[in-house]
Amino acid sequence: MIGIALSLFLILALSMIGITVFMKTLQNYKPGRAKIQADLKKIRAELAPLVAHLVPWTDEEMEQLSFNQIKKSIKNGLVKSSKGVLTTIYHEPVIAWAYKKYVSKKENGLLYARTSNQEFIYRIKNGEVEMVVGENLVGILNEKGQLVSHKGNKLLAQVNKNEDNLTLPLLINNKLVGSLSNPERNQRGNNRAFQHLMKMNKEEEEIVLSLSILELVKREIEG
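Since this is a predicted model, take the numbers as computed values, not measurements.

A. Quick look at the pattern of salt bridges. Under the counting rule described, the total for this entry stands at five salt bridges. Here Arg44 ties to Glu119 by a salt bridge, and the two come within 3.0 Å at their closest N and O atoms. A residue pair is termed long-range when its members are at least 10 positions apart, and Arg44 in helix H2 (residues 33–51) and Glu119 in strand E5 (residues 119–125) qualify at 75 residues. The exposure class assigned to Arg44 is partly exposed, which follows from its relative accessible area of 33%.

B. Highlighting H2. Compared with an ideal rise of 1.5 Å per residue, which puts 19 residues at 27 Å, H2 spans 25 Å between its outermost C-alpha atoms and is within 8% of the ideal. Roughly 25° is the biggest bend found in H2, and it falls at Ala45, with proline Pro49 one to four residues downstream. For H2, the full list of buried residues reads Ile36, Asp39, Leu40, Ile43, Leu47, Leu50 and Val51. Where H2 is buried, its residues contact strand E1 (65–75), strand E2 (80–88), strand E3 (93–101), strand E4 (108–114) and E5.

C. The environment of Leu110, seen in detail. Mapped onto the elements of the fold, Leu110 is located in strand E4. Setting aside its immediate chain neighbours within four residues, Leu110 contacts Ile36, Asp39, Leu40, Ile43, Ala98, Tyr99, Lys100, Tyr102, Ile121 and Tyr122.

D. Broad picture of the sheet that holds E3. As summarised here, the arrangement of the 12 strands in space is E1-E2-E3-E4-E5-E6-E7-E8-E9-E10-E11-E12, forming an open sheet in which the pairing is antiparallel. Of all strands in the sheet, those with a lone pairing partner are E1 and strand E12 (194–195), marking the two edges. In this sheet, strand E6 (residues 128–133) lies alongside E5 in antiparallel orientation, the contact comprising six bridges. Bridge pairing links Phe120 to Val133 in E6. Seen against the sheet, H2 touches E1, E2, E3, E4 and E5 and runs at an angle of roughly 35° to E4.

So, how was this worked out
Each residue is numbered by its place in its chain's sequence as written, counting from 1. A pLDDT threshold of at least 70 governs which residues receive local features in this predicted model, and a stricter bar of 80 or more applies before side-chain atom pairs are shown or counted, although totals over entire chains, interfaces and linings include all residues. Hydrogens are left out, water is left out, and the side-chain values use all remaining heavy atoms of the structure. For this analysis, a salt bridge means a side-chain nitrogen from Lys or Arg found within 4 Å of a carboxyl oxygen belonging to Asp or Glu. Segments assigned H or I by DSSP are reported as helices when at least four residues long, segments assigned E as strands when at least two residues long, and all are numbered from the N terminus. When a residue's accessible area, from a 1.4 Å probe over protein chains only, is under 20% of the maximum for its type it is buried; when over 50% it is exposed; and in between it is partly exposed. Multiplying 1.5 Å by the helix residue count minus one yields the expected span of that helix. By definition, a residue's bend is the angle between the axes fitted to the seven residues ending there and the seven starting there. By definition, residues are in contact when any of their heavy atoms lie within 4.5 Å. The rule for pairing is simple: two strands pair if DSSP sees at least two bridges between them. Helix axes are fitted to C-alpha atoms over the stretch in contact, other axes to C-alpha atoms as well, and angles between N-to-C directions run from 0 to 180 degrees.

If you want it as structure tokens, here you go:
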């Protein structure tokens, strides 16, 4: 009798584990808007301690942003998550970020990044990235590195990607505003992220920074 009872208990326990795994998989498979908003709320709360230690963001931080990453952590499992902080060339923490990968054959994830005064949200799925800065939907980044408007399909900006180049030219409205050091050709560490940044208005700077954060962090979340 004890053997039968133990067997039934094990079967029940395994069934409960299976149900739990199934429910977690279901929740993280093709998440809807409500799930994304709930996860975004959790990510904001988790990053709050890191955000509290970021130095104030200014034009100097933009020019001094580096490849250097600190406080990196990765959680593997059914749902992969990771986070970290980008620093300046002087090791000052300036951008905190967190990423959650959902259950999918193709990349399907949520990336959140934050400076001291602005947040950047990236919804990654089906080879495209929906980009939000603050409360504004900036546009959709396609696989060609082109950022197009959400409505009207207007080309807003572009990252000219070429793995053989040392820098990736950044264009806004077909105007060269600067270059991002190619993460594929440059050592990570303390090297500057930007080269030859031009004078930009606030909107242009937000677009350049949002594109650049994605490029810098992508190597971490894909690794």
